[in-house]
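# Overview (structure and organization)
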Amino acid sequence: MALSDKEIREIITPLLLSGAKMLDKHCPRCGSPLFELNGKVFCPICEHRKREERVELKSIEESLIGKLRLLANQLPDDIEELKKHLEVMGMIVELLEKYKKMEEIK
Ligand SMILES: [Zn+2]
């Protein structure tokens, strides 16, 4: 998803105000200018995207955990129904573990 000029300005303006320097180099990934702050060179656009992805992952995780709690609170007495419940819960736990790994990679 491409960021609009307005969004880019919203990311870059506070950087400039905080004393970051716009460099003469460009990000190899997205082509936006690189910045330097406290000796660290970074691409504000890519960092912004990474942060957004993390927020998305977090909200998926939270809704999965909510579902898991709901299921755990409504375990049926019927064995067949219980099996289905536990199966779904197992799937949710597996997914949560996958998300956790994805976050560790970043
Ligand atoms: Zn970039």
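Residues numbered from 1 in each chain as written. Predicted model: local features only at pLDDT ≥ 70, side-chain atom pairs only at ≥ 80, totals over all residues. Heavy atoms only, no water.

Here we come to the domain arrangement of the protein chain. We note that the domain assignment places domain 1 (5-44) and domain 2 (46-105) within the protein chain. Each of domain 1 and domain 2 was reduced to a C-alpha centroid, and the two centroids are 35 Å apart. Counting residues at the interface gives eight residues for domain 1, matched by four residues for domain 2. For the pair domain 1 and domain 2, the summed buried surface comes to about 500 Å²; carbon and sulfur atoms form 57% of the total. Counting across the interface, domain 1 meets domain 2 through one salt bridge. (Domains from an automatic or database assignment. Contact = heavy atoms within 4.5 Å. Buried area = accessible area lost by both parts, 1.4 Å probe. Salt bridge = Lys/Arg side-chain N within 4 Å of Asp/Glu carboxyl O.)

For the rest of this paragraph, the subject is the pattern of salt bridges. Opposite charge on two side chains permits them to pair, given that their charged atoms come into close proximity. Scanning the entire structure with this criterion turns up five salt bridges. Residue E10 is joined to K6 by a salt bridge in which the shortest nitrogen-to-oxygen separation is 3.2 Å. Taken together, the residues E10 and K6, both in helix α1 (residues 5-17) and four residues apart, mark about one turn of the helix. In this structure K6 comes out as exposed when scored by relative accessible area, which is 54%. Across the pair E61 and K58 runs a salt bridge, and its minimum N-O distance is 3.7 Å. Of this pair, E61 and K58 are both found in helix α2 (residues 44-73), three residues apart, which corresponds to roughly one turn of the helix. A relative accessible area of 11% places E61 in the buried class. The exposure class assigned to K58 is partly exposed, which follows from its relative accessible area of 39%. (Helix = DSSP H or I, 4+ residues; strand = E, 2+ residues; numbered from the N terminus. Buried < 20%, exposed > 50% of the residue type's maximum accessible area, 1.4 Å probe, protein only.)

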